[in-house]
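Letter by letter, the chains look like this.
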Amino acid sequence: MGFLALAFFAQEAWSALPIEREKLQGGLEVYWVNVQSLPMVDIQIDFDAGSRRDPVNKVGLASVVSLMLNKGVTSQGKKPALDENALGQAWADLGAVFTASAGDDRMSIYIRSLSQASVLNEAMALAYRQIAAPAFSASIWSREKTRLLSDLKESLTQPAPVAARAFKQAVMQSHPYGRSMSEDSIQRIDARDLKAFHSSFLSACGAKISLVGALNREQVLKIANGLAQQLKPSPRCADSSALEASHGPAHNDTLSASGFEAVKPLEKAQRIHIGFNSAQSHVLIGQPGIERADARYFPLTVGNYILGGGGFVSRLTEQVREKRGLSYSVYSYFTPALQAGPFTIGLQTRGDQTEQAIKVVQDVLQEFVSEGPTQEELQAAKDNLIGGFALRIDSNKKLLDNVANMAWYHLPLDYLQTWSAQVQKVSVKDIHQAFKGLIDPHKLATVVVGVKP
Amino acid sequence: MYGVLFAKRVVLLSETRILNLLQDRQTVMQGKNKIMQYAFKASRILGVFVSIGAVLAMPSWALSPDPMALKAHGIHVSTLDNGLTVVVKPDSKAPTAVHMLWVKVGSMDEVDGYTGIAHILEHMMFKGTPSVPAGEFSKKVAALGGRENAFTDKDFTGYFQQIPSSKLESVMKLEADRFANNSWPDEEFVKELEVVKEERRMRTDDAPRSKLYEQLEATHWLANPYRRPIIGWMEDLNSMTPKDARDFYHAWYAPNNAVLVVVGDVDVKQVQDLAKTYYGHLPQKVLPVRKPRSEPPQHGVRRVSLKAPAEQAYVLLSWRVPGFTGFDHQQHNKEALALTVLSAVLDGYEGARLDRALTQGAKSVAQEANSYYDFAGRGPQIFILEAVPKAGVGLSLLEERLKAQIQKIAKEGVSESELKRVKAQYVAQAVYKRDSFFNQAQEMGAFWARGLPLDTNDLLMGPLQEVSSKEVQAVAAKYFSDDTLSAAYLLPEPLDPKTQKRQEQAKRMAGVGK
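Note that the coordinates shown come from a computational prediction; the quantities given were computed from them, not determined experimentally.

Thresholds applied
- Residues numbered from 1 in each chain as written.
- Chains lettered and ligands numbered in written order.
- Predicted model: local features only at pLDDT ≥ 70, side-chain atom pairs only at ≥ 80, totals over all residues.
- Helix = DSSP H or I, 4+ residues; strand = E, 2+ residues; numbered from the N terminus.
- Buried ≥ 20, exposed ≤ 12 C-beta atoms within 10 Å, placed from the backbone.
- Rg over C-alpha atoms; globule rule 2.2 N^0.38 Å.
- Contact = placed C-beta atoms within 7 Å.
- Arc of directions from axis to C-beta.
- Pairing = 2+ DSSP bridges.
- Axes fitted to C-alpha atoms, helices over the stretch in contact; angles between N-to-C directions.
- Nonpolar A, V, L, I, M, F, W, Y, C, P; charged D, E, K, R; others polar.
- Parallel < 35°, antiparallel > 145°, perpendicular 65-115°, else oblique.
- pLDDT = per-residue confidence, 0-100.
- Domains from an automatic or database assignment.
- Left-handed = near helix turned anticlockwise from the far one by under 90°.

**A closer look at the overall build of chain B**
For step 1, the next point in the chain: Summing up its helical and strand segments, chain B has 19 helices and twelve strands in all.
For step 2, the next point in the chain: Here chain B, with 514 residues, has 54% of them falling under the buried criterion.

Right, dumping it as structure tokens:
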């Protein structure tokens with residue numbers, strides 16, 4: 001992680017360890033940092049197979065596929081099939097970790113292993129099989145479906161998940177980012193859907209593998225090539241439009257280059273109240289935000305630190321918690337992704353204080369958007385963000401998170417070296433303009449889940 | 001987003017167990033591997049610190065049987081004249097450091113009518129000193145590029161800052177100041193108390209499984225202070241006064257009741273000198289007497305149930321078991337190691353015994369099933385099994401199936417491959433842990449508060465490898481009778497008819513239902 005040592009730190013131990021990149025045949029891109037301080041390896045593999053690729057009537061499919069990657073593999077050559085328990089035992093015997101999850105944009109596989117060759121080789125061989133040859137057993141899926149539906153219904157007895165679902169839908173409207181799995185959408189998924197999704201989207205095309213740990217170039221490329229050989233060539237890389245026509249959203253008038261509709265701004269303010277017999281109201285307020293590639297990324301990041309991102313020193317925390325004792329937690333954040341994810345403000349408060357808390361948030365936001373931050377606030381934000389930069393990458397796991405993000409969003413290789421300079425460049429005016437141009441305090445979606453006052 | 005539902009399967013335990021450690025201001029995730037979680041979970045060491053004389057006179061190496069071993073594990077321990085223990089673990093892999101101050105006082109040191117006071121005081125520690133007014137502490141830490149938080153457990157209270165290592169002196173100065181000089185006007189207390197009540201509503205009152213766990217503890221312990229929730233009963237919060245917080249602070253916040261832990265890119269001598277400069281002048285105090293409040297023996301099952309709005313029923317079974325108190329050859333310590341392995345064999349990996357027996361196959365009875373063992377703590381230890389039934393399965397049947405898994409091991413022991421597997425996980429996890437300065441500091445602080453050697457993690461490596469199937473079998477046979485069981489059932493409540501309509505609307509809004 002010492003690649004930024006020369007720019008920011010005097011410590012000799014952090015002398016240049018650059019992030020390296022290779023593109024393999026078939027499209028798989030490899031990013032890595034050789035960190036020898038511990039005999040271990042952290043690896044993330046990202047596929048363009050997130051929930052936004054769920055068919056409209058089968059929302060949740062990407063998540064189900066990620067879940068089922070851990071539930072058995074088919075036989076391959078001389079290697080016999082392994083069921084879910086054999087897989088769980090194999091990983092435990094290695095003392096290694098394999099997890100899979102689906103976000104809005106990407107399906108992410110995370111592997112942690114000792115770097116000792118005998119352990120790592122076996123771990124990777126297992127991981128390849130789970131990625132390339134999952135069993136997707138119909139009977140296991142049937143069991144997991146029951147479990148998933150039960151967990152889904154349970155979550156709907158709790159105010160926080162109910163609020164999150166309603167908010168997503170209100171802010172993202174018809175965009176796939178706004179959808180949530182439902183009883184019906186899960187019921188419609190069968191084992192064939194898992195196979196179809198897997199063969200369409202878990203391909204080398206657009207995929208990234210990021211590695212941080214005790215690995216030299218040769219070892220990295222061996223692992224990456226091993227993965228690339230397992231991934232079937234996908235028609236999507238050659239002709240992305242054809243595939244997106246069959247798997248993308250069914251009806252759109254404004255498709256973006258990726259085949260997904262653009263996120264539309266809200267046309268008017270909307271208030272949604274969902275009655276709930278809970279001690280607290282859960283409040284979510286927001287609008288569509290920005291995509292990761294947006295030029296306003298840094299001004300909005302620094303601005304949001306001041307508004308509601310900076311722990312105890314943000315305006316929202318000051319006004320809602322510190323001054324008035326209205327909530328244990330109050331925050332704001334952007335969700336920049338391949339497309340514009342939501343800008344969200346959230347809090348929880350005793351039912352009868354709900355309106356008061358909402359009013360305080362509205363006033364804080366209104367003032368921030370119309371007047372921007374003060375020079376003093378901006379300086380304090382920079383002091384924290386730049387001063388604390390090293391805390392963002394002071395473990396292999398944290399560094400991997402950053403490297404995987406760079407890979408996924410095609411950020412330049414010197415992204416981490418220039419990060420502090422980008423923050424330093426942000427002016428009061430940049431933040432003011434960015435918020436003013438993006439956030440309209442008169443067109444907010446507000447979701448309240450709780451007892452009606 | 002959708003991942004939350006899947007993640008739930010993994011975090012079910014922490015959902016209920018999180019109350020053992022109220023981590024304020026930000027969430028810090030612990031590892032999920034069962035065998036590695038003990039550092040933060042609740043020893044029968046009540047005798048060790050009862051005598052004030054013993055605390056003040058404690059030699060600097062009392063914490064480890066072998067100072068050379070400590071150094072071999074990279075840990076440097078010293079004690080200031082006023083009794084403050086200073087622990088430094090240098091590691092130059094990144095130019096950052098974590099600075100933690102731990103006070104050996106937690107909710108178990110509270111008395112009836114004052115539940116939650118240790119945690120409220122933790123909040124109030126951010127509310128100023130004569131030289132750093134309310135709100136300024138956090139601003140100053142932020143200006144240094146730092147991240148900060150604090151946590152309250154049954155056994156201890158901790159404060160920390162993560163900073164570029166060059167800023168260590170600045171945060172140490174701030175922390176020493178509030179440790180010695182915390183003071184605030186009554187109005188600050190009144191506002192913050194409301195924040196804490198909101199915290200209780202969020203963590204417990206609106207979270208049926210947390211509430212059930214709270215009731216299980218209150219049922220399981222009659223005399224021991226582990227019976228009370230860390231967050232406090234709402235009525236105690238309602239009647240708490242500023243003076244209560246100040247009194248608790250003056251009684252317990254003393255250098256001879258605290259440890260300073262620094263991990264990161266630092267020089268050992270320099271940290272020790274800084275500690276002397278900033279903490280060395282603080283006077284030691286005579287601490288309040290800690291009464292043992294040992295739990296009388298239990299001779300019969302205790303049961304509690306809770307009706308609450310939920311879709312899924314849920315069962316928690318908790319048995320009284322020994323905890324680990326040190327690396328001697330006393331039987332209870334060997335048993336604590338065997339219990340650690342037992343929990344890992346039941347539930348330490350995907351497809352371990354509980355998964356296999358209860359959630360798989362045509363005769364499965366559970367959606368999920370987990371085990372948990374606390375390993376060590378200042379108070380008595382418990383071993384927990386918990387499960388969510390499949391639709392149509394009653395909680396008493398589920399309870400029987402959970403117990404049957406222990407009985408099976410009591411009868412047959414465990415396989416060599418299971419033992420090997422659990423130990424391989426421990427060896428690998430010991431390496432993974434070193435990736436985070438924060439986790440290393442957190443583990444050492446907890447070991448200190450619980451009277452264990454600071455290098456307990458390293459020292460455990462050998463003894464854990466030696467645990468045999470026979471030993472696991474013996475603890476399974478010895479400690480899991482109904483006579484020392486406490487069982488808690490969550491009974492999903494039909495929705496209030498008045499709110500039924502709103503719930504239907506909620507489901508429609510959420511896109512579920514026809």
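**As for the overall build of chain A**
For step 1, the next point in the chain: Regarding its fold elements, chain A presents 18 helices and 13 strands.
For step 2, the next point in the chain: Here the C-alpha atoms of chain A give a radius of gyration of 23 Å, agreeing with the 22 Å that 2.2 N^0.38 yields for 453 residues.
For step 3, the next point in the chain: Principal-axis analysis of the C-alpha atoms places the extent of chain A at approximately 65 × 60 × 40 Å.
For step 4, the next point in the chain: The buried share among the 453 residues of chain A stands at 53%.
For step 5, the next point in the chain: Pairs at least 24 apart in sequence give 76% of the contacts found in chain A among residues at least 6 apart.

**A short note on helix 13 (residues 315-322) of chain A**
Because an α-helix packs 3.6 residues into every turn, residues spaced three or four apart end up facing the same way.
For step 1, the next point in the chain: Looking only at helix 13 of chain A, the buried set comprises Leu316(A), Thr317(A), Val320(A), Arg321(A) and Glu322(A). Projected down its long axis, helix 13 of chain A shows its buried positions confined to an angular sector of 155 degrees, all on one face.
For step 2, the next point in the chain: Buried residues along helix 13 of chain A sit in contact with helix 12 (297-309), strand 11 (330-334), strand 12 (342-350) and helix 14 (354-371) of chain A together with helix 7 (186-205) of chain B.

**What to know about the sheet that holds strand 1 (residues 20-23) of chain A**
All names here are of chain A.
For step 1, the next point in the chain: Strand order in this open sheet of six strands is 1-2-8-3-7-6, and the pairing throughout is mixed. Of all strands in the sheet, those bounded by a partner on one side alone are strand 1 and strand 6 (97-102). Taking the axes of each pair of neighbouring strands and ignoring which way they run, one obtains an average angle of 15 degrees across the sheet.
For step 2, the next point in the chain: Here six bridges tie strand 3 (residues 40-47) to strand 8 (residues 208-213), and the two strands are oriented antiparallel to one another. Across the sheet, residue Asp42 finds its bridge partner in strand 8, namely Val212.

**Digging into the interface of chain A and chain B**
For step 1, the next point in the chain: Each partner contributes to the interface: chain A provides 81 residues, whereas chain B provides 70 residues.
For step 2, the next point in the chain: Ranked by the residues each element gives to the side of chain A that touches chain B, the list is headed by helix 5 (residues 138-155) of chain A, at eight residues.
For step 3, the next point in the chain: Taken together, the residues of the side of chain A that touches chain B break down into 32 nonpolar, 32 polar and 17 charged.

**Notes on the environment of Arg271(A)**
For step 1, the next point in the chain: Looking at the secondary structure, you find Arg271(A) in strand 9 (residues 270-275).
For step 2, the next point in the chain: Spatially, the C-alpha atoms of Arg271(A) and Ala191(A) are 39 Å apart, while their sequence positions differ by 80 residues.

**So, unusual backbone geometry**
For step 1, the next point in the chain: A positive phi angle is found at Phe136(A), which is not glycine, with a value near 45 degrees.
For step 2, the next point in the chain: Within the secondary structure layout, Phe136(A) lies in the loop between helix 4 (117-132) and helix 5.
For step 3, the next point in the chain: Judged by the 23 C-beta atoms lying within 10 Å of it, Phe136(A) falls in the buried class.
For step 4, the next point in the chain: Located in the positive-phi region is Arg293(B), a residue other than glycine, with phi close to 45 degrees.
For step 5, the next point in the chain: One can find Arg293(B) in the loop between helix 11 (268-279) and strand 8 (302-309).

**Regarding the packing of helix 7 of chain B against helix 8 (residues 208-220) of chain B**
All names here are of chain B.
For step 1, the next point in the chain: Where helix 7 contacts helix 8, the axes come no closer than 7 Å and their chain directions differ by 90 degrees. One element, helix 7, and the other, helix 8, form an angle in the roughly perpendicular class. Contacts between helix 7 and helix 8 involve Arg203, Thr204 and Asp205 on the former and, on the latter, Ser210, Lys211 and Glu214.
For step 2, the next point in the chain: Partitioned by chemical class, the residues of the contact of helix 7 with helix 8 number no nonpolar, two polar and four charged.

**Describing the pairing of strand 7 (residues 107-114) of chain A**
Residue and element names in this part refer to chain A.
For step 1, the next point in the chain: Counting buried positions along strand 7 gives seven out of eight residues, so the element sits mostly inside the fold.
For step 2, the next point in the chain: Examined bridge by bridge, strand 3 and strand 7 share eight bridges and lie antiparallel to one another. Looking at the pairing, Asp46 lines up with Ser108 of strand 7.
For step 3, the next point in the chain: Note: strand 6 against strand 7, six bridges, orientation antiparallel. Each residue of the ladder has a partner; that of Ala102, found in strand 7, is Met107.
For step 4, the next point in the chain: Taking the residues that link successive antiparallel strands as the turn, the strand 6-strand 7 hairpin has four residues.

**Focus on the confidence of the model for chain A**
For step 1, the next point in the chain: In the predicted model, chain A carries a mean pLDDT of 91, and 91% of its residues have values of at least 70.
For step 2, the next point in the chain: Scored below 50 in pLDDT, residues 1-16 of chain A makes 35 contacts in the model with residues more than four places away or belonging to other chains.

**A word on the confidence of the model for chain B**
The predicted coordinates should not be examined in detail at positions where pLDDT is low.
Residues and elements named next belong to chain B.
For step 1, the next point in the chain: When pLDDT is averaged along chain B, the result is 86, and 83% of the positions lie at 70 or above.
For step 2, the next point in the chain: Between residues 1-65, whose pLDDT stays under 50, and residues either more than four places distant or in other chains, the model counts 152 contacts.
For step 3, the next point in the chain: Reported confidences for the modelled complex are a pTM of 0.90 and an ipTM of 0.92.

**Describing the sheet that holds strand 11 (residues 381-389) of chain B**
All names here are of chain B.
For step 1, the next point in the chain: Strands sit in the order 8-12-9-11-10 across an open sheet of five strands; the sheet is mixed. The open sheet has two free edges, formed respectively by strand 8 and strand 10 (366-373), since each of these has just one partner strand. Strand-to-strand twist in this sheet, taken as the mean axis angle between neighbours without regard to direction, amounts to 15 degrees.
For step 2, the next point in the chain: Pairing between strand 8 and strand 12 (residues 485-493): eight bridges, direction parallel. Counterpart to Ala308 in the pairing with strand 12 is Pro492.
For step 3, the next point in the chain: Helix 12 (residues 331-347) rests against strand 9 (314-321), strand 10 and strand 11 of the sheet, and its axis sits at about 165 degrees to strand 10.

**As for helix 3 (residues 84-94) of chain A**
For step 1, the next point in the chain: Listed as buried for helix 3 of chain A are Glu84(A), Leu87(A), Gly88(A), Ala90(A), Trp91(A), Ala92(A) and Leu94(A).
For step 2, the next point in the chain: Backbone geometry just after helix 3 of chain A places Gly95(A) at a positive phi near 65 degrees.

**Topic: the domain arrangement of chain A**
Residues and elements named next belong to chain A.
For step 1, the next point in the chain: Domain boundaries in chain A define domain 1 (18-246) and domain 2 (270-450).
For step 2, the next point in the chain: Each of domain 1 and domain 2 was reduced to a C-alpha centroid, and the two centroids are 29 Å apart.
For step 3, the next point in the chain: Each partner contributes to the interface: domain 1 provides 29 residues, whereas domain 2 provides 29 residues.
For step 4, the next point in the chain: Going through the elements one at a time, strand 2 (29-34), strand 3, helix 6 (159-172) and strand 8 are the ones with two or more residues in the side of domain 1 that touches domain 2.
For step 5, the next point in the chain: Tallying contributions element by element places helix 6 first for the side of domain 1 that touches domain 2, with ten residues.

**Side note on the environment of Gln270(A)**
Residue and element names in this part refer to chain A.
For step 1, the next point in the chain: Position of Gln270 among the secondary structure elements: in strand 9.
For step 2, the next point in the chain: For Gln270, a count of 13 C-beta atoms within 10 Å puts it in the partly exposed group.
For step 3, the next point in the chain: Spatially, the C-alpha atoms of Gln270 and Lys443 are 7.2 Å apart, while their sequence positions differ by 173 residues.

**Side note on the packing of helix 13 of chain A against helix 14 of chain A**
Residues and elements named next belong to chain A.
For step 1, the next point in the chain: As a packed pair, helix 13 and helix 14 sit with axes 10 Å apart at the nearest point and diverge in direction by 155 degrees. Classified by the interaxial angle, the pair formed by helix 13 and helix 14 is roughly antiparallel. Classified by chirality, the crossing of helix 14 by helix 13 is right-handed. Here Arg315, Leu316, Gln319 and Val320 of helix 13 lie close against helix 14, whose contacting residues are Ala357, Val360, Val361, Val364 and Phe368.
For step 2, the next point in the chain: Classifying every residue of the contact of helix 13 with helix 14 by side-chain character gives seven nonpolar, one polar and one charged.

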